[in-house]
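Structural characterization, general
Here's the letter readout for the chains.
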Amino acid sequence: MKTQQSLRVKDAPISGISELGLDYSVPDSQWIIQQDFMERIPRIEASGKVHVLHVRGSRGDPEGEAVHQQCRERTQKHCPLNTRIHLHCCTGSAARVRRWMEAFPKCYFGYTKAITQMEFPAQQALRTLPLQWLLLETDAPI
């Protein structure tokens, strides 16, 4: 059955798998569910499919550095280097962008109109990002 499910996703006429990731802005009792999901979903052999990652920090880590590191490491564990990643609703610094690009050279970064209200490091990251890696998002909740 696992093989059948893998084939269905791998051969399905879809271009991506959306809203994977870790969102620690929710109660910490839900974190383990997300962590488990992150361990299982990339194993579905979705080669060639874009992985849309949703990554949010906790109240104690509003910039999300720790959760981004966890998500990046979990993704590296299960996905090849050439996996296309769409980092949804980016808010991080140029250093974070650089770490994702080093881990996944085909990582794209989505920004919303919220960038106009973000701190300087996030705006600086946007300014240093090559245009071919920039995605403008209109469906974000912000």
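An account of the accompanying structure is given in this report. As the structure is a prediction and not an experimental result, all values here were calculated from the model. (Residues numbered from 1 in each chain as written. Predicted model: local features only at pLDDT ≥ 70, side-chain atom pairs only at ≥ 80, totals over all residues. Heavy atoms only, no water.)

**Side note on the environment of Met-101**
Looking at the element boundaries, Met-101 is found in helix α4 (residues 94–103). On the basis of relative accessible area, Met-101 is assigned to the partly exposed category, the value being 23%. Note: C-alpha distance between Met-101 and Trp-133 (32 residues apart in sequence) is 9.5 Å. Setting aside residues up to four positions removed in sequence, Met-101 forms contacts with Phe-109, Leu-129 and Trp-133. (Helix = DSSP H or I, 4+ residues; strand = E, 2+ residues; numbered from the N terminus. Buried < 20%, exposed > 50% of the residue type's maximum accessible area, 1.4 Å probe, protein only. Contact = heavy atoms within 4.5 Å.)

**Brief notes about the pattern of salt bridges**
Oppositely charged side chains may form a pair once their charged atoms are brought near each other. For the coordinates displayed, the defined rule picks out two salt bridges. Residues Arg-96 and Glu-65 are paired through a salt bridge, measuring 2.9 Å at the closest nitrogen-oxygen approach. In this pair, Arg-96 is assigned in helix α4 and Glu-65 in helix α3 (residues 65–78), connecting sequence segments 31 residues apart. Here Arg-96 falls in the buried class, since its relative accessible area comes to 3%. Notably, a salt bridge pairs Glu-65 with Arg-99, separated by 2.7 Å at the nearest N-O pair. In this pair, Glu-65 sits in helix α3 while Arg-99 sits in helix α4, placing the two residues 34 residues apart along the sequence. Classification of Glu-65 by relative accessible area gives partly exposed; the value is 30%. With relative accessibility at 32%, the residue Arg-99 sits in the partly exposed group. Each of Glu-65, Arg-96 and Arg-99 takes part in a single network of salt bridges with overlapping partners. (Salt bridge = Lys/Arg side-chain N within 4 Å of Asp/Glu carboxyl O.)

**Brief notes about the environment of Cys-107**
Tracing the backbone through its elements, the reader meets Cys-107 in strand β4 (residues 107–111). A sequence separation of 25 residues divides Cys-107 from Asn-82, and the C-alpha atoms of the two residues are 8.9 Å apart. When sequence neighbours within four positions are dropped, the list of residues in contact with Cys-107 reads Ile-85, Leu-87, Trp-100 and Trp-133.

**Describing the packing of aromatic side chains**
If you walk through the whole model with that rule in mind, you get three aromatic pairs. Centroid distance Tyr-24 to Trp-31: 4.1 Å. Interplanar angle 15 degrees. Geometry classified as stacked. The partly exposed category is assigned to Trp-31, whose relative accessible area is 23%. If you follow Arg-72 out to its NZ or CZ, it ends over the ring of Trp-100, 5.5 Å from the centre. (Phe/Tyr/Trp six-rings, centres within 6.5 Å; stacked < 30°, edge-to-face > 60°. Lys NZ or Arg CZ within 6 Å of the ring centre and 35° of its normal.)

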